[in-house]
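One letter stands for each residue in the lines below.
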Amino acid sequence: AQSVTQLDSQVPVFEEAPVELRCNYSSSVSVYLFWYVQYPNQGLQLLLKYLSGSTLVKGINGFEAEFNKSQTSFHLRKPSVHISDTAEYFCAVSGPPGYSTLTFGKGTMLLVSP
Amino acid sequence: DAMVIQNPRYQVTQFGKPVTLSCSQTLNHNVMYWYQQKSSQAPKLLFHYYDKDFNNEADTPDNFQSRRPNTSFCFLDIRSPGLGDAAMYLCATSREISGNEQFFGPGTRLTVL
């Protein structure tokens, strides 16, 4: 079984400040990792994903994440946030090829203020 | 050029009155998923189809059923909605199950009166 922990339910930050949203996972096998963003009353949109290769993954809207196998983490970062980044962010894990659906974390609400 | 379409966006039903939510995709993906998302919570997978192969999550109530008549369409039927079924229902698709990006629709917000 696999699980995802997002320790912060809310992260308030000022515009143009850097931000890190934390994600830790638990799995007995190798995994694929994802970050999704959800704006109010909308579906989820993929920000970035790690399948293999370079542990630093760049996504859309200036976000990036680093896969750290020893710490079982996949933290999301952005060097300078905008008001428009205010949204809910979900980290998710999927097992290796076979038959493993996505398991989501509980989400982190990023609140960007002027 | 919408890829995953959900209708309606907002649905109001009465307690115990059956309701059907629909999802269609233009991506020709093998897999279609239905999630339930309650306020400030993560999406919870109800079931998914790999082509015509139906897979129910162990804790999905019997009140929830699904149909996939063809590759493009998938329906969520709630036979007797209760107040606790009020939620956002998200449809998603992917080419394969593991390691593939899931594409989400905008969701249908269900209100039960």
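Just above, that's the structure.
Source: prediction; values computed, not measured.

(A) The arrangement of the nonpolar core in detail. If you look at the biggest cluster of nonpolar residues, it comprises 28 residues, and the most contacted ones within it are Trp 35, Leu 48, Leu 76 and Tyr 89 of chain A. Secondary-structure elements contributing two or more residues to this core are strand S2 (10-14), strand S3 (19-21), strand S5 (32-38), strand S6 (44-50), strand S8 (64-68), strand S9 (73-78), strand S10 (87-94) and strand S12 (108-113) of chain A. Broken down by element, the residue count for this core peaks at 4 residues, all from S10 of chain A. With 19 residues, the next largest nonpolar core counts Phe 34, Leu 46 and Phe 104 of chain A together with Ala 92 of chain B among its residues.

(B) Summary view of the sheet that holds strand S3 (residues 19-25) of chain B. Residues and elements named next belong to chain B. Overall, antiparallel pairing links the 4 strands, which are arranged S1-S3-S8-S7 in an open sheet. Each of the sheet's edge strands pairs with one partner strand only, and the pair in question is strand S1 (4-7) and strand S7 (64-67). In this sheet, neighbouring strand axes are inclined to one another by 20° on average, regardless of whether the strands run parallel or antiparallel. In terms of strand pairing, S3 meets strand S8 (residues 73-78) through 6 bridges, oriented antiparallel. Across the sheet, residue Ser 24 finds its bridge partner in S8, namely Phe 73.

(C) Geometry of the pairing of strand S9 (residues 87-94) of chain B. Residues and elements named next belong to chain B. For S9, the tally of buried residues reaches 8 of 8 residues, placing the bulk of the element in the interior. Side chains Ala 87, Tyr 89, Cys 91 and Thr 93 project from S9 onto one buried face, and the interleaved Met 88, Leu 90, Ala 92 and Ser 94 project onto a second face that is buried too. Alignment of strand S4 (residues 31-37) against S9, held across 7 bridges, turns out to be antiparallel. Looking across to S9, one finds that Gln 36 is bridged to Tyr 89. Where S9 lies against strand S11 (residues 108-112), 3 bridges are found, and the strand directions are antiparallel. Each residue of the ladder has a partner; that of Ala 87, found in S11, is Leu 110.

(D) Summary view of the state of the cysteines. All chains considered together, the criterion is met by 2 disulfides over all chains. Each sulfur of the disulfide joining Cys 23 of chain A and Cys 91 of chain A lies 2.0 Å from the other. In this structure the cystine formed by Cys 23 of chain A and Cys 91 of chain A twists about its S-S bond by roughly -65°; its chirality is therefore left-handed. Residue Cys 23 of chain A is found in the loop between S3 and strand S4 (24-26), and its partner Cys 91 of chain A is found in strand S10; the two are separated by 68 residues along the sequence. Unpaired in this structure, Cys 74 of chain B has its nearest cysteine sulfur neighbour in Cys 91 of chain B, at a distance of 6.0 Å.

What counts and how
- Residues numbered from 1 in each chain as written.
- Chains lettered and ligands numbered in written order.
- Predicted model: local features only at pLDDT ≥ 70, side-chain atom pairs only at ≥ 80, totals over all residues.
- Heavy atoms only, no water.
- Core = buried A, V, L, I, M, F, W, Y, C linked by side-chain atoms within 4.5 Å.
- Buried < 20%, exposed > 50% of the residue type's maximum accessible area, 1.4 Å probe, protein only.
- Helix = DSSP H or I, 4+ residues; strand = E, 2+ residues; numbered from the N terminus.
- Pairing = 2+ DSSP bridges.
- Axes fitted to C-alpha atoms, helices over the stretch in contact; angles between N-to-C directions.
- Disulfide = S-S within 2.5 Å.

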